[in-house]
Amino acid sequence: MHEKERIHGGNVYEVAEQYGLNIEDILDFSASVSPLGVPEVVLEALKNSLGTVVHYPDPNCLAFRQAVAAELGISSENILAGNGAAELIYLIVQMVLPRCTVIPIPTFSEYEYAVSSVGGNLKYIQLQAEGLNFSISIDDFCKSLRGADLAFICNPNNPTATLFTRNELQKILEAGNANHCLIVVDEAYLDFVQGGSDYSLVNQILDYDNLLILKSLTKIYSLPGLRIGYAIGNKDLINKMNNLRDPWSVNSLAQAAGVAALSEKDYRTRLQELVWKERQYLYEEIKQLPGLRPYFPTANFMLVNTHAAGITAIYLHEILARTGLLIRDCTSFNGMGSYFFRIAVRKHSENMRLIQALDSALQQESGVG
Ligand SMILES: Cc1ncc(COP(=O)(O)O)c(C=O)c1O
């Protein structure tokens, strides 16, 4: 079988090696992670928990699940902790062993990789770029669920920032129900959406037997190297997934960090305010750069089309990487083509540096300066 290369943003190790850079000197816009660093309370919890590594971690992740349950107002029986949301995507496909999975594209590649890892077939629904958005016909999506046993929807969608309303998702869930199809809604970036809770299905979890929601703490609390996320669903689904997992996949430090992070409301508010202000700055600035077309960012990342500038995303990535700036060339996203890159929203001084670097890369290309 032909194996696809698994490409992601945030691979600072590879870039450091390739361009002879120190990892600390790389400014990473390719992974959509909080630019505020790890919250103080989380660092404190990590230090205080170092001694616990002499024991196996709690296989039930009880304190973490209880903290999530209190935060969301649901039962801990509906929550399964994972070594990042990524582990849970693989557990879902192991549980369903899908014959046919519906995936809107372009989207987060791990859905496809996970389905392929168990030999499942994929049915792609192409998001259509119109105006400033990538969108999908919900009716077509619902029809596509005929004969499918699994579907993934990323809300907001990485990398297009497409947002699905609760109403649209409920239509999809009803269609999924009629077709015995499990619908996975990945809310990994929903905390970065203004009024995000209006789009969340967390309060609908008991209304649908065919719904699983994914959440991640790695983006909002800047913990991608520690790994922690969770799934929410009905008790049966959660128990089935639990029985498939490595009981100790979520290490003690990640569990302690998760509990501490959830207690920290101030950091989240500061981060959201920063992201909402800075994404507008980036959007307005990039709009002014010749040949670049930004798509309106609904979360903490923004997709940009380079076609009118006459340069591919891989080329731009290359020029910027040499200066220690990392953007996500989106060529590897299925259904995306060669002219899109994605950037994370970072702090103002960092965003300014990116705008200047993009500007001079474009000038170099057009032979000006
Ligand atoms: C949409 C989406 N879901 C899930 C993940 C994985 O998150 P985690 O770090 O919690 O495994 C990512 C990571 O980039 C993502 O983009």
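The structure we're discussing is the one just above.
Residues numbered from 1 in each chain as written. Predicted model: local features only at pLDDT ≥ 70, side-chain atom pairs only at ≥ 80, totals over all residues. Heavy atoms only, no water.

Undergrad: Explain the overall build of the protein chain to me, please; I cannot follow it from the model alone.
TA: When you go through the protein chain residue by residue, the secondary structure sums to twelve helices and 15 strands. For 369 residues, the compact-globule estimate of 2.2 N^0.38 gives 21 Å, and the C-alpha radius of gyration of the protein chain, at 20 Å, lies within 12% of that figure. Considered along the principal axes of its C-alpha atoms, the protein chain spans approximately 65 × 50 × 40 Å. For the protein chain, the proportion of its 369 residues judged to be buried stands at 55%. Taking the intrachain contacts of the protein chain between residues at least 6 apart in sequence as the baseline, contacts between residues at least 24 apart amount to 72%. (Helix = DSSP H or I, 4+ residues; strand = E, 2+ residues; numbered from the N terminus. Rg over C-alpha atoms; globule rule 2.2 N^0.38 Å. Buried < 20%, exposed > 50% of the residue type's maximum accessible area, 1.4 Å probe, protein only. Contact = heavy atoms within 4.5 Å.)

Undergrad: What's the story with the pattern of salt bridges in this structure? I'm lost.
TA: Oppositely charged side chains are able to pair whenever their charged atoms sit close together. This model, assessed by the stated rule, comprises ten salt bridges. Residue Glu187 pairs with Lys215 through a salt bridge whose shortest N-O separation is 2.7 Å. Of this pair, Glu187 sits in the loop between strand S8 (182–186) and strand S9 (211–216) while Lys215 sits in strand S9; the two residues are 28 residues apart in sequence, bridging distant segments of the chain. Residue classification places Lys215 among the buried residues on the basis of a relative accessible area of 11%. Connected via shared salt-bridge partners are Glu71, Lys265 and Arg268. (Salt bridge = Lys/Arg side-chain N within 4 Å of Asp/Glu carboxyl O.)

Undergrad: I would appreciate a short explanation of helix H3 (residues 62–72) in the present structure.
TA: One turn of the α-helix equals 3.6 residues, which is why residues spaced by three or four share an orientation. Turning to H3, its buried residues number three or more, namely Phe64, Arg65, Ala67, Val68 and Ala69. Residues of H3 that are buried make contact with strand S2 (79–82), strand S10 (229–233) and helix H9 (252–263).

Undergrad: Help me out: how do you make sense of the environment of Leu320 in this one?
TA: Structurally, the position occupied by Leu320 is in helix H11 (residues 313–321). Leu320 sits 29 residues away from Gly291 along the chain, and the two C-alpha atoms are 17 Å apart. When near neighbours in sequence (up to four residues on either side) are disregarded, Leu320 contacts Leu325, Ile327, Leu354, Ala357, Leu358 and Ala361.

Undergrad: Just checking my understanding: could you explain the site of the ligand for this structure?
TA: Near the ligand you find 14 residues, and of these Ala85, Asp186, Ser216, Thr218 and Arg227 are the closest. Between the ligand and Ala86 there is a distance of 2.9 Å, counted from an oxygen atom to a backbone nitrogen or oxygen. Interatomic distance of 2.7 Å between a side-chain N/O atom of Ser216 and an oxygen atom of the ligand. In isolation the ligand has 400 Å² of accessible area, and contact with the protein removes 90% of it. Across the shell around the ligand, the residue classes tally to seven nonpolar, four polar and three charged. (Near = heavy atom within 4 Å. Polar contact = N/O pair within 3.5 Å; in protein donor to acceptor, adjacent residues only side chain to side chain. Areas by Shrake-Rupley, 256 points an atom, 1.4 Å probe, with all protein chains shown as cover. Nonpolar A, V, L, I, M, F, W, Y, C, P; charged D, E, K, R; others polar.)

Undergrad: Explanation requested: the sheet that holds strand S12 (residues 301–305) in the structure shown.
TA: Within a sheet, neighbouring strands are paired by backbone hydrogen bonds and run either parallel or antiparallel to one another. The strand order across the open sheet built from four strands is S11-S12-S15-S14, with neighbouring strands paired in antiparallel fashion. Each edge of the open sheet is held by one strand with a lone partner, namely strand S11 (293–294) and strand S14 (328–329). Inspection of the sheet shows S14 paired to strand S15 (residues 340–344) by two bridges, in the antiparallel sense. Within S15, the position partnered with Asp329 by the bridge is Phe341. In this fold helix H10 (residues 265–288) packs onto S11, S12 and S15, with an angle of close to 10° to the strand it touches most, S12. (Pairing = 2+ DSSP bridges. Axes fitted to C-alpha atoms, helices over the stretch in contact; angles between N-to-C directions.)

Undergrad: In this structure, what is going on with the packing of H11 against helix H12 (residues 348–366)? I would like to understand it.
TA: Two quantities define a packed helix pair, namely the angle between the axes and the distance from one axis to the other. Packing of H11 against H12 leaves a shortest axis separation of 10 Å and a crossing angle of 115°. Note on packing geometry: the crossing formed by H11 with H12 is right-handed. The segment H11 lies against H12, with Tyr315, Leu316, Ile319 and Leu320 engaging Leu354, Ala357, Leu358, Ala361, Gln364 and Glu365. For the contact of H11 with H12, the per-class residue count stands at eight nonpolar, one polar and one charged. (Left-handed = near helix turned anticlockwise from the far one by under 90°.)

Undergrad: What exactly am I supposed to notice about the state of the cysteines here?
TA: One pass over the full model with this rule turns up zero disulfides. Cys181 takes part in no disulfide bond, and the closest cysteine sulfur to it belongs to Cys100, at a distance of 8.1 Å. (Disulfide = S-S within 2.5 Å.)

Undergrad: Could you clarify how one ought to interpret the side chain of Glu87 in this entry?
TA: Mapped onto the secondary structure, Glu87 falls in helix H4 (residues 85–96). The side chain of Glu87 is buried and forms no salt bridge, while Arg245, the nearest opposite charge, is found at 4.7 Å. With sequence-adjacent residues up to four places away left out, Glu87 is seen in contact with Gly82, Arg245 and Ser249. (Lys, Arg positive; Asp, Glu negative; His and termini not counted.)

Undergrad: Just checking my understanding: could you explain the sheet that holds strand S7 (residues 150–154) for this structure?
TA: What the seven strands build is an open sheet, ordered S2-S10-S9-S8-S7-S3-S4; its pairing is mixed. The sheet is open, and its two edges are formed by S2 and strand S4 (121–126), each paired on a single side. Sheet twist, expressed as the mean angle between neighbouring strand axes with direction ignored, is 20°. Examined bridge by bridge, S9 and S10 share five bridges and lie antiparallel to one another. In the sheet register, Leu214 faces S10, and the bridge partner there is Ala231. Of the strands in this sheet, S2, S8, S9 and S10 touch helix H8 (residues 235–244), which is tilted by about 140° from S10.

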